[in-house]
Amino acid sequence: DASDLETTAKYAKAGVKKYIEHKVDKEKKVVEVERLAYGFKVLIVYEVRLRLVVAAKVVPIQEHESQFTLTLVRQANKNLGKGVLRVLLIDRGFLDGQDLWVLKHQMGIDFVIPSKDKMRVTEDARGLCRQEADEESVFRQERAGKEKVNKDGKSKWEGQVSAVGIAELRSYDQYGDEEHIRGANRKGFVGNALNAVVVTKWEGTAYEIGKEKAFLTSLPVDEPLGALDLYDLRSLIENTAFRELKQGWFLENYPKKTKKAETGHVFLTLMTFTLA
């Protein structure tokens, strides 16, 4: 995952990005206000069970994280040793078909990543999730959960989830090497196979048709809750890494207003945090 490290415009070599902030004006209408954010961005590979930062990179705040996926993973492999890193649980911001292909087919690393709404592969997965399970390409799995009654008498099913695994989708034409991607618009083009998990019901509430949550994965999906449960661990990078680093380890308290001081502080804090 990645996290912004905001500074002020006075920091030497700080990056800058524009973003839209929604505010309520005096007439109680929601308006959009363009803002500028100065600073840097830290990207990390985080081992969620032992809670170790195993690779990190600091870049200007405006740089998109998808540019650095392979750089980070290669550094993690160098730090850990080949074959230790086996499954990546990746934020949607890192979604890039060519990078995912390299991870799986050149580096032997599986992945789970949310799919974006307007992608064709997402639409295909959502459409197929309504079909009957055939135990060949469509797999269904459900966890019952526990019923909890609120003070107002309404019940809610905590932990209830229904998911559908869709095997070997071929509609993500960007999933492949460079030569494969160049041929995406040619007649007779066939995409590479990629699996998907579609969440159709969460906490007892069914998603509206066409609004289901979809994930892309190189893992088997004959038991789709397995891939979904793995991805649920990704929340730990926000809760036990970035939040802890910023609130408890003063990650954003830099000794000087320079890029070198900021970068040195970030890496020293990450190392101390990991050792502790």
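What you are looking at is a predicted structure, and each value in this text was computed from that prediction instead of being measured.

K.L.:
I'd like a rundown of the pattern of salt bridges, residues and numbers included.
P.N.:
Applying the stated rule across the entire model yields twelve salt bridges. Among the salt bridges present, the one from Glu 65 reaches Lys 41, with a minimum N-O distance of 3.0 Å. In this pair, Glu 65 is assigned in the loop between β4 (52-60) and α1 (69-80) and Lys 41 in strand β3 (residues 30-47), connecting sequence segments 24 residues apart. Of the residues examined, Lys 41 reaches a relative accessible area of 6% and is grouped as buried. A salt bridge links Arg 234 to Asp 91; the nearest nitrogen and oxygen atoms lie 3.8 Å apart. Placement of Arg 234 in the loop between α5 (224-232) and α6 (235-247) and of Asp 91 in the loop between β5 (87-89) and α2 (97-105) is noted, with a sequence separation of 143 residues between them. One salt-bridge network, held together by shared partners, links Asp 1, Asp 91 and Arg 234.

K.L.:
An account of the nonpolar core is requested, with residue identities and associated values reported.
P.N.:
Core analysis: the biggest nonpolar cluster contains 39 residues, and Val 45, Leu 88, Ile 90, Leu 100, Leu 103, Tyr 172 and Leu 216 have the highest contact counts within it. Non-local contacts of Ile 90, meaning those with residues more than four positions away in its chain, are made with Leu 100, Leu 103, Phe 111, Val 112, Ile 113, Pro 114, Tyr 231 and Arg 234. If you look at the next biggest cluster of nonpolar residues, it comprises 20 residues, including Ile 44, Ala 241, Phe 242 and Leu 270.

K.L.:
Pulling in residues and values, what's your account of the packing of aromatic side chains?
P.N.:
Summed over all chains, the structure comprises five aromatic pairs. Taken together, a centroid distance of 5.9 Å and an interplanar angle of 80 degrees make the contact between Tyr 11 and Tyr 254 edge-to-face. Within this pair, whereas Tyr 11 is found in the loop between β1 (2-6) and β2 (15-24), its partner Tyr 254 is found in the loop between α6 and α7 (259-275), the two being separated by 243 residues in sequence. Measuring from centroid to centroid gives 5.1 Å for Phe 215 and Tyr 231, while their planes differ by 55 degrees, and the two rings are tilted. With a gap of 16 residues between them, Phe 215 in strand β13 (residues 213-217) and Tyr 231 in helix α5 connect regions that are remote in the sequence. Residue classification places Phe 215 among the buried positions, given a relative accessible area of 13%. By relative accessible area, which is 12% here, Tyr 231 ends up buried. Pairwise contacts between aromatic rings join Trp 101, Phe 111 and Tyr 175 into one cluster.

K.L.:
Describe the packing of α1 against α2, naming the residues involved and giving the relevant values.
P.N.:
Two elements in contact, α1 and α2, have axes whose closest approach is 10 Å; the angle formed by their N-to-C orientations is 20 degrees. It follows that α1 is roughly parallel to α2 by the angle criterion. For the pair formed by α1 and α2, the contact residues are Thr 69, Leu 70, Val 73 and Arg 74 on the first element and Asp 99, Val 102 and Leu 103 on the second. For the contact of α1 with α2, the per-class residue count stands at four nonpolar, one polar and two charged.

K.L.:
Run through the side chain of Glu 262, naming residues and quoting values.
P.N.:
Tracing the chain through its elements places Glu 262 in helix α7. Among buried charged residues, Glu 262 stands out as having no salt bridge; its nearest opposite-charge side chain is Lys 259, 7.7 Å away. Only 3.4 Å separates the side chain of Glu 262 from the side chain of Thr 263, close enough to count as a polar contact. The residues touching Glu 262, leaving out its near neighbours within four places in the chain, are Leu 5, Phe 40, Val 58 and Tyr 254.

K.L.:
Requested: an account of the environment of Val 121, with residues and values cited.
P.N.:
Tracing the chain through its elements places Val 121 in helix α3 (residues 120-128). The class for Val 121 is buried, based on a relative accessible area of 2%. Taking the C-alpha atoms as reference points, Val 121 and Asp 1, separated by 120 residues in sequence, lie 23 Å from one another. For Val 121, the residues in contact, after removing those within four places along its chain, are Ser 115, Leu 169, Ser 171, Tyr 172 and Leu 216.

K.L.:
So, the side chain of Glu 65: which residues are in play, and what are the values?
P.N.:
You can call Glu 65 buried: its relative accessible area is 14%. There is a polar contact of 3.0 Å between the side chain of Glu 65 and the side chain of Lys 41. Not counting residues within four places of it along the chain, the set of residues in contact with Glu 65 comprises Ala 2, Lys 41, Leu 43, Asp 91, Gly 93 and Phe 94.

K.L.:
Go over the environment of Tyr 38, please, and point to the residues and values.
P.N.:
Structurally, Tyr 38 is set in strand β3. What makes Tyr 38 partly exposed here is its relative accessible area of 28%.

K.L.:
Could you give an account of unusual backbone geometry, naming the residues involved and the relevant values?
P.N.:
Peptide bonds are trans in most cases, and residues, glycine excluded, mostly fall at negative phi. Despite not being glycine, Arg 51 has its phi angle at roughly 60 degrees, a positive value. Tracing the backbone shows Arg 51 in the loop between β3 and β4. Of the residues examined, Arg 51 reaches a relative accessible area of 40% and is grouped as partly exposed. Phi at Glu 168 takes a positive value of approximately 55 degrees, unusual for a residue other than glycine. For Glu 168, the position within the fold is in strand β10 (residues 161-169). Exposure remark for Glu 168: the relative accessible area of 53% places this residue in the exposed category.

Reading guide: rules and limits
- Residues numbered from 1 in each chain as written.
- Predicted model: local features only at pLDDT ≥ 70, side-chain atom pairs only at ≥ 80, totals over all residues.
- Heavy atoms only, no water.
- Salt bridge = Lys/Arg side-chain N within 4 Å of Asp/Glu carboxyl O.
- Helix = DSSP H or I, 4+ residues; strand = E, 2+ residues; numbered from the N terminus.
- Buried < 20%, exposed > 50% of the residue type's maximum accessible area, 1.4 Å probe, protein only.
- Core = buried A, V, L, I, M, F, W, Y, C linked by side-chain atoms within 4.5 Å.
- Contact = heavy atoms within 4.5 Å.
- Phe/Tyr/Trp six-rings, centres within 6.5 Å; stacked < 30°, edge-to-face > 60°.
- Axes fitted to C-alpha atoms, helices over the stretch in contact; angles between N-to-C directions.
- Parallel < 35°, antiparallel > 145°, perpendicular 65-115°, else oblique.
- Nonpolar A, V, L, I, M, F, W, Y, C, P; charged D, E, K, R; others polar.
- Lys, Arg positive; Asp, Glu negative; His and termini not counted.
- Polar contact = N/O pair within 3.5 Å; in protein donor to acceptor, adjacent residues only side chain to side chain.

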